[in-house]
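Chain by chain, the residues run as shown.
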Protein chains: 2
Amino acid sequence: MGMMGASLALALKNTKAFRGRISGVVRSEASAGYIREMGWCNAVYTASQPELGHVIRSLEADTLFVVGLPVGSCVDYLPGLRGLPFLVTDMSSTRRSVEEAAAGVRFVGSHPICGSEDTGPRAAREALFEKRLCIVTKAPHSIEEDTNSIVSFWSTLGMDVMQMEASAHDSIWAYLSHGPHILSGMLAHWGFSTDVQSALLKAPVPLTGGGFRDMVRIAGSNPEMWLDIIRTNGDQIKRVLVEFRTELDQLIQGFDGKTDIEWKTWITEARRKRNRLCGYPEDK
Amino acid sequence: MGMMGASLALALKNTKAFRGRISGVVRSEASAGYIREMGWCNAVYTASQPELGHVIRSLEADTLFVVGLPVGSCVDYLPGLRGLPFLVTDMSSTRRSVEEAAAGVRFVGSHPICGSEDTGPRAAREALFEKRLCIVTKAPHSIEEDTNSIVSFWSTLGMDVMQMEASAHDSIWAYLSHGPHILSGMLAHWGFSTDVQSALLKAPVPLTGGGFRDMVRIAGSNPEMWLDIIRTNGDQIKRVLVEFRTELDQLIQGFDGKTDIEWKTWITEARRKRNRLCGYPEDK
């Protein structure tokens, strides 16, 4: 359990509708001690504990096993759960590779869209999942009853659940998250230009305003997490970035010919689409 | 006086080191009434008042005249102040066109880097300028004494002041503000793709997470203001967007060959440059 897993344990513990036992696996003895002290789990194991494998293989069929690993590690971990009787889900931010890795596992995928730049169990927040969106992607071999269980599990935690195909998920979040992560990183590389650098040397305070800062915020995210996302959704990220380049080409041409009315239409449309995408009122 | 001008009047009124008289010009009778009621100015005029021209032409040489118009209107307005004895500055976000328009005006340019998406005198904030950066660009014909006056004027309001050439300013803010505005608008257009739209129709809540929302925030800015910036700094915006496209091309090629270590270096460098640009500690 990192930040997400510990938040999940904490939220479950405080959810009246949930009456099950909670067991957690953490990486370090320090984290195990912390979780025990906070009382968020009925049992805590460390990943290196020799008896852990036996404990997992002995779990009953009515267990829900939530893999809270980064997507790359999740893909490596899932095949070890093949043939076991209990239902498995995950919390990874790409879907197709997880679904492939889950072949032979009693599995329904989940992507709870929430998180934080902070890591580890001490960053846990009880309200992390509340009122946030969770995408549930049933695998080709998932049975309907299991899908329903996963939907109701996240709903119990106050999430809005939406079902989707893994491939649709990976395309949509290439636009809404993975591509923007790359573009945010690009903005940092590009903004750190020769002109800006030489001004920075003389500047009494940073030169960046709020707009730029907001746009490069996610360029500060965890490199391991990014790399995992690039590894497991690279084809879709590349595809959407090629689309972005095509739109950028057209826009650059606009500087030599677009009329004021055409620019204004483009700007007004951008605002309207932003409002639609973010669920803001039309006039915001 | 819009939001910026009214904030300036309010801040000056409450700055002990400032003991001058404050006169303001607003667009509407309603705004004039509001400013009078708040007591922020010693005199308020509306832009359509017939005697305004005479009042301005009669101002003494020790007056500081701050043009608080959007850059396009500022460029149109400045030539009318040619040959008058008082010192003029402005608050526009592009510099070269303003400097050209100020030929024959006793002028030193200012770009206080602060603002808000809200408009009009009712959005005024006393602390708007405090601890923010102000770029001062002296025109080729500015005299040193006037430049010093403008620097000390903004410093009195608690701003950090940096002097710069108009052309350097317009290049730097093409990277740090104008280009990012365009890219934010592009993200909204691009994110509103067919795939995303069809998911939106079925989604119980918006699909966008915090990263995307932050990156499209400035796509909601005032279209008139954007258009002015494109009109007056289009050549530099185009130049930096062409650079962005070149970097995007290289990055897209990376999806077919970059190793994990190369990606990690790229990601780590993006984070480091972000921290440098925004003045964050290295480890943030």
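Residues numbered from 1 in each chain as written. Chains lettered and ligands numbered in written order. Predicted model: local features only at pLDDT ≥ 70, side-chain atom pairs only at ≥ 80, totals over all residues.

> Which parts of the structure should I look at to understand the overall build of chain A?
For chain A, the helix and strand inventory stands at eleven helices and seven strands. If you line up chain A on its principal axes, its C-alpha atoms span 70 × 45 × 35 Å. Looking at the 284 residues of chain A, the share that counts as buried comes to 45%. (Helix = DSSP H or I, 4+ residues; strand = E, 2+ residues; numbered from the N terminus. Buried ≥ 20, exposed ≤ 12 C-beta atoms within 10 Å, placed from the backbone.)

> Please explain the sheet that holds strand S7 (residues 160–163) of chain B as it appears in this structure.
In any sheet, the strands associate via hydrogen bonds between backbone groups, in a parallel or an antiparallel arrangement. Residues and elements named next belong to chain B. As summarised here, the arrangement of the three strands in space is S5-S6-S7, forming an open sheet in which the pairing is mixed. Each edge of the open sheet is held by one strand with a lone partner, namely strand S5 (108–112) and S7. Strand-to-strand twist across the sheet, computed as the mean angle between neighbouring axes with direction ignored, equals 25°. Pairing analysis gives five bridges linking S5 to strand S6 (residues 133–138), with the strands arranged antiparallel. (Pairing = 2+ DSSP bridges. Axes fitted to C-alpha atoms, helices over the stretch in contact; angles between N-to-C directions.)

> Please clarify how the sheet that holds strand S7 (residues 160–163) of chain A should be interpreted in this entry.
All names here are of chain A. Spatially, the three strands line up as an open sheet ordered S5-S6-S7, and their pairing is mixed. A strand with exactly one partner marks an edge of an open sheet, and here the two such strands are strand S5 (108–112) and S7. Going from strand to strand, the sheet's axes swing by 25° on average, the running direction of each strand aside.

> I would appreciate a short explanation of the domain arrangement of chain A in the present structure.
The figure often quoted for interface size is the accessible area lost as the parts come together. All names here are of chain A. Partitioning chain A into structural domains gives domain 1 (3–164) and domain 2 (169–278). Centre-to-centre, using C-alpha coordinates, domain 1 lies 32 Å away from domain 2. Between domain 1 and domain 2, the contact holds 15 residues from the first and 14 residues from the second. Those elements giving two or more residues to the side of domain 1 that touches domain 2 turn out to be helix H4 (71–77), helix H5 (96–101) and strand S6 (133–138). Counting residues per element, the side of domain 1 that touches domain 2 draws most heavily on H4, at three residues. Residue classes in the side of domain 1 that touches domain 2 are distributed as five nonpolar, seven polar and three charged. (Domains from an automatic or database assignment. Contact = placed C-beta atoms within 7 Å. Nonpolar A, V, L, I, M, F, W, Y, C, P; charged D, E, K, R; others polar.)

> Help me understand the packing of helix H11 (residues 260–278) of chain A against helix H7 (residues 166–191) of chain B in this model?
In helix packing, the relevant descriptors are the interaxial angle and the interaxial distance, both defined with respect to the helix axes. In contact at an axis separation of 8 Å, H11 of chain A and H7 of chain B are set at 60° when each is read in the N-to-C sense. Classified by the interaxial angle, the pair formed by H11 of chain A and H7 of chain B is oblique. Handedness of the H11 of chain A/H7 of chain B crossing: left-handed. On H7 of chain B, the residues that touch Ile-267, Glu-269, Ala-270, Lys-273, Arg-274 and Leu-277 of chain A of H11 of chain A are Gly-185, Ala-188, His-189 and Gly-191 of chain B. Residue composition of the contact of H11 of chain A with H7 of chain B, by class: four nonpolar, three polar and three charged. (Parallel < 35°, antiparallel > 145°, perpendicular 65-115°, else oblique. Left-handed = near helix turned anticlockwise from the far one by under 90°.)

> Help me understand the environment of Arg-36 of chain B in this model?
Residue and element names in this part refer to chain B. Within the secondary structure layout, Arg-36 lies in helix H2 (residues 29–38). We classify Arg-36 as partly exposed; it has 14 C-beta atoms within 10 Å. Separated by 209 residues in the primary sequence, Arg-36 and Arg-245 place their C-alpha atoms 50 Å from one another.

> Can you help me understand the pairing of strand S4 (residues 87–90) of chain A in this one?
The side chains of a regular strand alternate, first on one face of the sheet and then on the other. All names here are of chain A. Across the two faces of S4 the burial is the same, with Leu-87 and Thr-89 and Val-88 and Asp-90 all buried. With four bridges joining them, strand S3 (residues 64–67) and S4 adopt parallel strand pairing. The partner of Val-66 across the bridge, within S4, is Thr-89. Once the chain exits S3 it traverses H4 before rejoining the sheet at S4, and the crossover so formed is right-handed. (Right-handed = clockwise from strand over helix to strand, strands pointing away.)

> Looking at this structure, how should I read the packing of helix H7 (residues 166–191) of chain A against helix H10 (residues 223–254) of chain A?
Residue and element names in this part refer to chain A. Two elements in contact, H7 and H10, have axes separated by 8 Å at closest approach and are oriented at 95°. Comparing their axes, H10 and H7 come out roughly perpendicular. Taking contact as the criterion, the partners of Asp-170, Ser-171, Ala-174, Tyr-175, His-178, Gly-179, His-181 and Ile-182 in H7 are, on H10, Trp-226, Ile-229, Asn-233, Gln-236, Ile-237, Arg-239, Val-240, Leu-241 and Phe-244. Classifying every residue of the contact of H7 with H10 gives nine nonpolar, six polar and two charged.

> Just to check I follow, could you spell out the relation of the copies chain B and chain A for this structure?
Related by rotation about an axis and a shift along that axis, the two copies of the chain form a pair. Of the two same-sequence chains, chain B is brought onto chain A (RMSD 0.0 Å, axial shift 0.0 Å) by a rotation of 180°. Viewed as a symmetry operation, the transformation between the two copies matches a two-fold axis. Among all residues of chain B, the minimum C-alpha distance to the rotation axis is found for Met-215 of chain B, at 2.2 Å. Counting the interface residues of chain B, we find that 100% of their copies in chain A are interface residues as well, pointing to one common contact surface. (Least-squares fit on C-alpha atoms with pLDDT ≥ 70 in both.)

> It is not clear to me how unusual backbone geometry should be interpreted in this structure. Could you clarify?
Among all residues save glycine, negative phi is the norm, and among peptide bonds the norm is trans. The phi dihedral of Lys-131 of chain A falls on the positive side, at around 60°, and the residue is not glycine. We classify Lys-131 of chain A as exposed; it has 10 C-beta atoms within 10 Å.

> Would you mind going over the confidence of the model for chain A with me for this structure?
Detailed conclusions should not be drawn from predicted coordinates in areas where pLDDT is low. The share of residues in chain A with pLDDT of 70 or more is 99%, and the mean pLDDT across the chain is 95. For this predicted complex, the interface confidence score (ipTM) comes to 0.89, while the overall pTM stands at 0.90. (pLDDT = per-residue confidence, 0-100.)

> In this structure, what is going on with the environment of His-111 of chain A? I would like to understand it.
All names here are of chain A. Position of His-111 among the secondary structure elements: in strand S5. C-beta crowding within 10 Å serves as the criterion here: with 26 such atoms nearby, His-111 is assigned to the buried category. With 100 residues separating them along the chain, His-111 and Gly-211 place their C-alpha atoms 29 Å apart. What His-111 contacts, discounting residues up to four positions off in sequence, is Met-91, Ser-92, Ser-93, Arg-95, Cys-134, Ile-135 and His-169.

> I'm lost on helix H2 (residues 29–38) of chain A in this one. Help?
All names here are of chain A. Along H2, the positions that sit buried rather than exposed are Ser-31, Ala-32 and Ile-35. Angular distribution of buried residues about the axis of H2 spans 100°; they occupy a single face of the element. For H2, the exposed residues set more than 90 degrees away from the buried face come down to Glu-29 and Glu-37. Next to the buried residues of H2 lie helix H1 (3–13), strand S1 (23–26) and strand S2 (43–46). With its phi angle positive at about 70°, Gly-39 sits one or two positions after the end of H2. (Arc of directions from axis to C-beta.)

> When you look at the pairing of S5 of chain A in this model, what are you seeing that I'm missing?
Of all five residues in S5 of chain A, five are buried; the element is thus mostly enclosed. Neither face of S5 of chain A is open: one carries Val-108, Ser-110 and Pro-112 of chain A, the other Gly-109 and His-111 of chain A, and all of them are buried.

> How should I be thinking about H1 of chain A in this particular structure?
Helical geometry note: an α-helix holds 3.6 residues per turn, so side chains three or four residues apart project in the same direction. Residue and element names in this part refer to chain A. Taking burial as the measure, the eleven residues of H1 include ten buried ones, the bulk of the element. Taken together, the buried positions of H1 are occupied by Met-3, Met-4, Gly-5, Ala-6, Ser-7, Leu-8, Ala-9, Leu-10, Ala-11 and Leu-12. On the buried face of H1, the contacting elements are S1, H2 and S3.

> Sorry, what's going on with the environment of Phe-86 of chain B here?
Residue and element names in this part refer to chain B. Its location among the elements puts Phe-86 in the loop between helix H4 (71–77) and strand S4 (87–90). For Phe-86 and Gly-210, which are 124 residues apart along the polypeptide, the C-alpha to C-alpha distance reads 48 Å. Sequence-distant contacts of Phe-86, that is, excluding residues within four places in its chain, are made with Leu-59, Glu-60, Ala-61, Thr-63, Phe-65 and Arg-106.

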